Amino acid sequence: MLKRCEVNVEVKCRPEGFWSATEVWIQKPHVANKRLCGAKVSEYADVDADKLRHSLPLLTGTSEQELTDVYRFLHGHTANNGHRGARSWRIGRRTVVPKADLNHEGANAYKEIIVKDLIRQVVTFLPVEDSRDGQVIFRKGNIYQIQLQLKADDWVLSLCPLRPDEWHSDGVAYPNLSWLTAELLPKLARWATESKASEFKSTLSLIPIEKYSVLYQELKSKYKEMVKVWPEVTDPEKFVFEDVAIATYLLVLWHEERAEKGLTSKQSFVDLGCGNGLLVHILNNEGHPGKGIDVRKRKIWSMYGPDTHLEEKAITPSSSFLFPETDWLIGNHSDELTPWIPIIAARSSYTCRYFALPCCFFDLCGKYQRRHCKKSQYREYIDFISEVSTACGFQTDEDCLRIPSTKRASRITLVCLIGRSRTYERTEEGLAETRRSDYIRGRQASHRGSANGAPEDPAGPPRRGGGLRSAEPESDWGTGFKPRDKEEPVRNCAALPRCFVEGVVLKVATALLGLTAEAGKEKDEESACSDQGGNKWDAGGSLSIRDVAELLGQCTLQELKKECGGLQTLLKNSHQVFRVEAGRVHIRDWRRSGPAQVTQATSKRKNQMSGARKTRLCWFHTHHPHGCPLSIEDCAFAHGEEDLQPSTRPLKKFRN
């Protein structure tokens with residue numbers, strides 16, 4: 001009798017939840033094991049017990065005699081389990097791809113035979129490896145099962161290795177048993193309970209993930225120095241590694257396209273709305289001819305050198321912006337241009353393809369208006385761009401990219417849409433253009449109708465005269481399209497009149513100081529504290545952002561609405577007076593914001609702030625009924641005009 005080592009986790013779920021959870025681990029092992037890049041899974045075959053017995057020796061490179069204990073393990077150590085003759089087994093293979101390690105020659109691929117017992121709710125993993133001489137190595141010591149059992153009216157999830165004493169861990173594809181039980185099993189339990197299908201496809205479903213893994217690490221190492229010299233105000237890590245990931249995806253996608261079509265020359269491209277131009281820089285460096293176009297030149301453009309082709313130009317959808325000699329159009333977070341990317345590609349040439357990565361929600365003219373409350377806003381917008389692509393005659397593919405996150409230890413997923421082929425023949429271009437034009441006009445008319453309060457026509461775009469329009473597109477077909485301004489306006493409340501800001505600050509602070517327990521508002525615990533002279537200093541109460549908005553009135557809110565972030569941005573900018581946490585506004589008590597409470601971000605600005613000491617009046621000294629809680633020596637702000645000091649910092653440069 002074999003010794004079983006079993007770890008149980010009690011979980012409330014049904015068998016269908018179990019199967020969806022194990023499928024996540026099979027299809028997407030990287031979501032649990034961060035040292036993996038992903039997995040490729042073959043199609044499953046439904047077999048009976050006899051077929052299973054004859055298939056395993058071939059798949060594992062061993063004999064039936066050597067698999068005796070494995071058969072017993074699969075059957076739960078019972079000779080008669082009631083489904084020996086039924087086709088109740090499903091068998092498949094997966095290749096687990098670890099993240100590429102640049103210190104080794106590529107990434108090793110690990111293979112597993114996956115056996116599903118559909119009646120007993122058991123999934124068994126049988127690891128095999130291909131040796132350099134082509135032999136199959138069967139790692140019997142690393143066989144394990146995941147099972148859902150009904151015990152005492154409770155569903156119990158368990159993980160059981162065949163030979164725990166012989167378990168071999170390499171820290172990558174073969175984690176420690178302790179990790180499987182302490183990390184993987186609870187995740188499976190949570191996934192089984194949630195049992196919620198994703199709105200989107202698996203990541204990197206259109207390209208070989210092993211090639212992506214190797215190339216991503218190479219490009220990341222090659223371009224990581226960009227983070228140190230990034231001249232823009234944006235987060236360098238976010239933009240550098242995000243564009244490295246997007247470039248990796250495109251390079252692998254294009255490599256596969258060349259192999260499939262037998263092409264020798266690398267594809268050309270145009271990136272519309274290229275922003276900082278880093279994606280263009282990488283693609284140019286990797287040998288692809290192309291350019292980027294954006295309405296506004298960025299500081300970093302001058303750092304790329306002459307081999308990176310970037311143009312400062314406003315882009316308006318029209319016959320002036322067609323690219324008949326270009327293989328691919330790219331729309332990477334192209335904002336208002338995003339829905340136009342498939343249209344421009346379709347009208348450029350029959351062979352022009354596109355890659356779009358939607359972000360902000362824009363229609364053909366103006367902001368996109370939601371129509372389906374049962375979908376997430378992101379899912380609905382992806383469906384809209386896919387609808388535009390289909391109307392333009394593209395066979396549209398959808399995939400998910402893995403983008404490194406600077407805020408979390410994981411990766412975020414962005415959906416891309418790809419138009420690689422058409423749904424019509426080249427000879428049908430005239431009819432396709434007619435449909436395309438009707439869709440665009442209908443969409444524009446629908447948007448104008450919505451703006452004027454008229455209901456939309458669910459039957460589709462209108463056709464004047466009841467007939468088809470001309471197949472020739474007008475020279476200017478972007479009616480209602482408004483490109484972004486060349487100069488990016490400052491919209492962080494810094495441009496508001498000083499008297500307006502001071503009035504809002506005083507009104508909100510007065511309301512916070514007026515809150516009392518008798519009025520039904522709970523005072524902050526800080527309000528009972530005393531200042532340095534032993535006198536009571538009132539820190540007031542707190543209000544939610546919603547309460548503050550109701551306090552200010554519509555006229556003030558309309559003025560703030562013109563600024564990015566609006567009311568909350570103004571309150572956070574008024575750092576001297578307010579503290580905004582968890583959606584609530586408090587009076588800031590500087591006695592509790594001393595050196596011990598300085599955040600990492602604040603400490604980075606310590607040297608910058610040293611030149612700004614006493615250059616602004618202290619709001620509390622002027623307006624608080626108890627004055628400033630700090631002494632004149634300890635307060636970083638001036639207690640009166642006579643305490644003001646000239647600033648030694650360089651003047652701040654505002655963007656127009």
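Our structure is the block above this text.
Just so we're clear, the structure is a prediction, and the values are computed from it rather than from any experiment.

Visitor: Would you mind going over the overall build of the protein chain with me for this structure?
Guide: Secondary structure summary: the protein chain contains 18 helices and 19 strands in total. Counting the 656 residues in the protein chain, one finds 47% classified as buried. Counted over contacts in the protein chain with a minimum sequence separation of 6, partners at least 24 positions apart contribute 66%. As presented, the protein chain carries roughly 34000 Å² of accessible surface, and 50% of it is formed by carbon and sulfur atoms.

Visitor: Please explain the nonpolar core as it appears in this structure.
Guide: Across soluble globular proteins, you tend to see nonpolar side chains buried next to one another. One finds Y249, L272, L283, L329 and F355 to be the most contacted residues of the largest nonpolar core, which totals 82 residues. If sequence neighbours within four positions are ignored, L272 has contacts with I293, I315, F323, L329, I330, G331, S334, L337, I341 and I344. Judged by nonpolar contacts, the second largest core, of 33 residues, contains V505, V548, L560 and V585.

Visitor: What should I look at first to understand the packing of aromatic side chains in this one?
Guide: Each aromatic ring pair is specified by the distance between its two centres and by the angle formed by the two planes. Counted by the stated rule, this structure contains 19 aromatic pairs. Seen from their ring centres, Y144 and W167 are 6.0 Å apart, and the 65 degrees between their planes marks the pair as edge-to-face. Note that Y144 is positioned in strand β8 (residues 144-151) and W167 in the loop between β9 (154-161) and α4 (177-194), a separation of 23 residues in sequence. As far as burial versus exposure is concerned, Y144 and W167 are alike and both buried. Taken together through their ring pairs, the aromatic side chains of F361, Y368, Y381 and F384 make up a single cluster. Taking NZ or CZ as reference, R53 lies 4.0 Å from the ring centre of Y71, over its face.

Visitor: Would you take a moment to explain the pairing of β9 for this structure?
Guide: Two faces make up the sheet, and in a regular strand the side chains alternate between them. Burial within β9 is extensive, with seven of its eight residues counted as buried. Relative to β9, β8 runs antiparallel, the two sharing eight bridges. Across the sheet, the residue bridging to Q147 is S158, located in β9. From the end of β8 to the start of β9, which pair antiparallel, there are two residues, and A152 there has a positive phi angle of about 50 degrees.

Visitor: Can you walk me through a positive patch on the surface in this structure?
Guide: On the surface, a cluster of positive charge is made up of K34, K99, K220 and K224. When you line up the elements, K99 lands in the loop between β4 (89-98) and β5 (110-117). By relative accessible area, K99 is classed as partly exposed at 33%.

Visitor: Any chance you could explain helix α5 (residues 209-223) here in plain terms?
Guide: Residues separated by three or four positions in an α-helix point in the same direction, a consequence of the helix having 3.6 residues per turn. The first and last C-alpha atoms of α5 sit 21 Å apart over 15 residues, in line with the 21 Å expected at 1.5 Å per residue. Those residues of α5 that fall on the buried side of the exposure criterion are I209, Y212, S213, L215, Y216, Q217, L219 and Y223.

Visitor: Explain the packing of helix α12 (residues 498-513) against helix α13 (residues 545-552) here, please?
Guide: Helix-helix packing: each pair is described by the crossing angle between the helix axes and the interaxial distance. Direction vectors running N to C along α12 and α13 enclose 120 degrees, while the axes themselves pass 11 Å from each other. Classified by the angle between their axes, α12 and α13 sit oblique to one another. Between α12 and α13 lies a crossing whose hand is right-handed. Of the residues in α13, those touching α12 at V504, K507, V508 and A511 are V548, L551 and L552. The residue makeup of the contact of α12 with α13, split by class, is six nonpolar, no polar and one charged.

Visitor: Help me understand unusual backbone geometry, please; the structure alone is not making it clear to me.
Guide: In terms of backbone geometry, most residues other than glycine have negative phi values and most peptide bonds are trans. With a phi close to 55 degrees, L204 is a non-glycine residue in the positive phi region. In this structure, L204 sits in the loop between α4 and α5. Positive phi is not limited to glycine here, since H333 has a value of about 55 degrees. For H333, the location among the structural elements is in the loop between β13 (328-332) and α9 (341-348). Given a relative accessible area of 24%, H333 falls into the partly exposed group.

Visitor: Teacher, can you tell me more about α4 here?
Guide: End to end, α4 covers 25 Å across 18 residues, agreeing with the expected 26 Å (1.5 Å per residue, within 8%). Its axis deflected by about 30 degrees at L184, α4 carries its strongest bend there, up to four residues before the proline P186. When α4 is considered as a whole, its buried residues turn out to be L180, L184, L185, K187, L188, A189, W191 and A192.

Visitor: Got a minute to help me understand the sheet that holds strand β17 (residues 542-544) in this structure?
Guide: Hydrogen bonds between backbone groups are what pair the strands of a sheet, and the pairing can be parallel or antiparallel. Strand order in the open sheet formed by three strands is β17-β19-β18, and the pairing between neighbours is antiparallel. Pairing within the sheet leaves two strands with one partner each, and these edge strands are β17 and β18 (578-581). Geometrically, the sheet is characterised by an average inter-axis angle of 25 degrees between neighbouring strands, direction not taken into account. Two strands pair when backbone bridges link them, and β17 and strand β19 (residues 584-587) are joined in this way by three bridges, in the antiparallel orientation. The partner of S544 across the bridge, within β19, is R584. Against the sheet, α12 makes contact with β17, β18 and β19, and its axis sits at roughly 85 degrees relative to β19, the strand it touches most. Packed onto the sheet, α13 meets β17, β18 and β19 and runs at close to 90 degrees relative to β17.

Visitor: Looking at this structure, how should I read the pattern of salt bridges?
Guide: Oppositely charged side chains can pair when the atoms bearing their charge come close. Considering all chains together, one arrives at 34 salt bridges under this definition. Between R90 and D46 there is a salt bridge; the shortest N-O distance is 2.8 Å. Separated by 44 residues along the polypeptide, R90 in strand β4 and D46 in strand β3 (residues 45-47) bring together distant segments of the chain. Here R90 falls in the partly exposed class, since its relative accessible area comes to 30%. Through salt bridges with shared partners, one network takes in D69, K140, R163 and E166.

Visitor: Help me understand the environment of V504, please; the structure alone is not making it clear to me.
Guide: Here V504 shows up in helix α12. On the basis of relative accessibility, which here comes to 5%, the residue V504 falls in the buried class. Spatially, the C-alpha atoms of V504 and L551 are 10.0 Å apart, while their sequence positions differ by 47 residues. Beyond its immediate stretch of four places on either side in the chain, V504 contacts L552, T556 and L570.

Visitor: Would you take a moment to explain the environment of K187 for this structure?
Guide: Assignment of secondary structure puts K187 in helix α4. Separated by 155 residues in sequence, K187 and A32 place their C-alpha atoms 7.6 Å apart.

Visitor: Explain the packing of helix α6 (residues 236-261) against helix α7 (residues 278-285) here, please?
Guide: Closest axis-to-axis distance for the α6/α7 pair is 9 Å, and the angle between their directions is 40 degrees. By the angle between their axes, α6 is oblique relative to α7. Here α6 and α7 pass one another in a crossing that is right-handed. Seen from α6, the contacting residues are F239, V240, D243, V244, I246, A247, L250, L251 and W254; seen from α7, they are L278, L279, I282 and L283.

Visitor: Would you mind going over the environment of L159 with me for this structure?
Guide: Tracing the sequence through the fold places L159 in strand β9. A sequence separation of 12 residues divides L159 from Q147, and the C-alpha atoms of the two residues are 6.5 Å apart.

Thresholds applied
Residues numbered from 1 in each chain as written. Predicted model: local features only at pLDDT ≥ 70, side-chain atom pairs only at ≥ 80, totals over all residues. Heavy atoms only, no water. Helix = DSSP H or I, 4+ residues; strand = E, 2+ residues; numbered from the N terminus. Buried < 20%, exposed > 50% of the residue type's maximum accessible area, 1.4 Å probe, protein only. Contact = heavy atoms within 4.5 Å. Areas by Shrake-Rupley, 256 points an atom, 1.4 Å probe, with all protein chains shown as cover. Core = buried A, V, L, I, M, F, W, Y, C linked by side-chain atoms within 4.5 Å. Phe/Tyr/Trp six-rings, centres within 6.5 Å; stacked < 30°, edge-to-face > 60°. Lys NZ or Arg CZ within 6 Å of the ring centre and 35° of its normal. Pairing = 2+ DSSP bridges. Patch = residues over 30% accessible without salt bridge, like charges linked within 9 Å, V, L, I, M, F, W, Y side chains within 5 Å. Salt bridge = Lys/Arg side-chain N within 4 Å of Asp/Glu carboxyl O. Lys, Arg positive; Asp, Glu negative; His and termini not counted. Charge placed at Lys NZ, Arg CZ, Asp CG, Glu CD. Expected span 1.5 Å × (residues − 1). Axes fitted to C-alpha atoms, helices over the stretch in contact; angles between N-to-C directions. Parallel < 35°, antiparallel > 145°, perpendicular 65-115°, else oblique. Left-handed = near helix turned anticlockwise from the far one by under 90°. Nonpolar A, V, L, I, M, F, W, Y, C, P; charged D, E, K, R; others polar. Bend = angle between axes of the 7 residues up to and from the residue.

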